[in-house]
Amino acid sequence: MTEAGMQRMASRVFAALLADDDGSMTSAELSEQLQISPAAVSGAINYLTQVSMVGRERDPGSRRDRYRLHNEIWYATFASRDRVLTRWEHTLREGARTLGRDTPAGARLTETAEFFEFLQTELIGLMDRWRDYRKKLDLS
């Protein structure tokens with residue numbers, strides 16, 4: 001995960017949750033299992049919730065937070081990336097207009113925006129094919 005760009009501590013916390021049977025742990029459990037401070041867990045969880053990979057919930061009758069992987073974690077993660085790509089594409093197109101599309105910098109921004117537009121289109125098709133594939137697996 002760190003080689004793909006995720007923060008080191010967030011990678012460790014995510015891996016611990018992924019390897020847990022029910023995909024959920026408290027801060028104390030994560031701290032104990034990973035031998036890290038509660039502050040390190042908190043920072044990692046803040047990042048993971050920000051990128052929609054982990055959710056917070058409360059155990060009934062408890063004041064303690066439990067951190068849980070979202071259902072269909074990878075689908076949800078890539079679906080949220082679609083919104084980020086859209087924002088980047090719009091920002092890049094605005095930058096190209098500001099710089100002038102005929103300038104070298106404007107041409108680079110335009111090409112990058114076109115790449116993100118292409119990526120979004122492909123990602124939508126890929127996500128649809130994944131849903132179809134999952135349906136076939138569930139029927140087996």
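Computed from a prediction, not measured in an experiment: that's the story for all the values here. (Residues numbered from 1 in each chain as written. Predicted model: local features only at pLDDT ≥ 70, side-chain atom pairs only at ≥ 80, totals over all residues. Heavy atoms only, no water.)

Undergrad: Just give me the short version of the environment of phenylalanine 78, but keep the residues and values in it.
TA: Looking at where phenylalanine 78 falls in the secondary structure, it is placed in helix H4 (residues 73-99). The exposure class of phenylalanine 78 is partly exposed, given its relative accessible area of 41%. C-alpha of phenylalanine 78 to C-alpha of leucine 123: the two residues are 45 residues apart in sequence and 8.1 Å apart in space. Ignoring any residue separated from it by four or fewer positions in sequence, one finds phenylalanine 78 in contact with Leu123 and Met127. (Helix = DSSP H or I, 4+ residues; strand = E, 2+ residues; numbered from the N terminus. Buried < 20%, exposed > 50% of the residue type's maximum accessible area, 1.4 Å probe, protein only. Contact = heavy atoms within 4.5 Å.)

Undergrad: Summarise the pairing of strand S3 (residues 65-69); cite the residues concerned and give the values.
TA: As paired strands, strand S1 (residues 24-26) and S3 are joined by three bridges and run antiparallel to one another. Bridge assignment links methionine 25 to a residue of S3, and that residue is tyrosine 67. Bridge count between strand S2 (residues 54-58) and S3: five bridges; the pairing is antiparallel. Note on S3: the bridge partner recorded for glutamate 57 is arginine 66. Turn length for the S2-S3 hairpin, with the two strands adjacent in sequence and antiparallel, is six residues, and the turn residue glycine 61 shows positive phi of about 75°. (Pairing = 2+ DSSP bridges.)

Undergrad: Explain the pattern of salt bridges to me, using residue names and the numbers behind them.
TA: All chains considered together, the criterion is met by six salt bridges. Its salt-bridge partner being aspartate 65, residue arginine 58 comes within 2.8 Å of it at the nearest N-O pair. Within the structure, one salt-bridge network assembled from shared partners comprises Glu89, Arg93 and Glu117. (Salt bridge = Lys/Arg side-chain N within 4 Å of Asp/Glu carboxyl O.)

Undergrad: Explain the sheet that holds S2 to me, using residue names and the numbers behind them.
TA: Strand order in the open sheet made by the three strands is S1-S3-S2, with antiparallel pairing throughout. The open sheet is flanked by S1 and S2, the only strands paired with a single partner. Taking each pair of neighbouring strands and ignoring which way they run, the sheet shows an average axis angle of 30°. Sitting on the sheet, helix H2 (residues 27-34) touches S1 and S3, and the angle it makes with S1 is about 90°. Helix H3 (residues 38-50) rests against S2 and S3 of the sheet, and its axis sits at about 110° to S2. (Axes fitted to C-alpha atoms, helices over the stretch in contact; angles between N-to-C directions.)

Undergrad: Break down H4 for me, citing the residues and quoting the values.
TA: Compared with the 39 Å implied by 1.5 Å per residue over 27 residues, the 39 Å span of H4 between its first and last C-alpha is a close match. Buried within H4 are the following residues: Ile73, Tyr75, Thr77, Ser80, Val84, Leu85, Glu89, Leu92, Gly95 and Ala96. Backbone geometry just after H4 places glycine 100 at a positive phi near 95°. (Expected span 1.5 Å × (residues − 1).)

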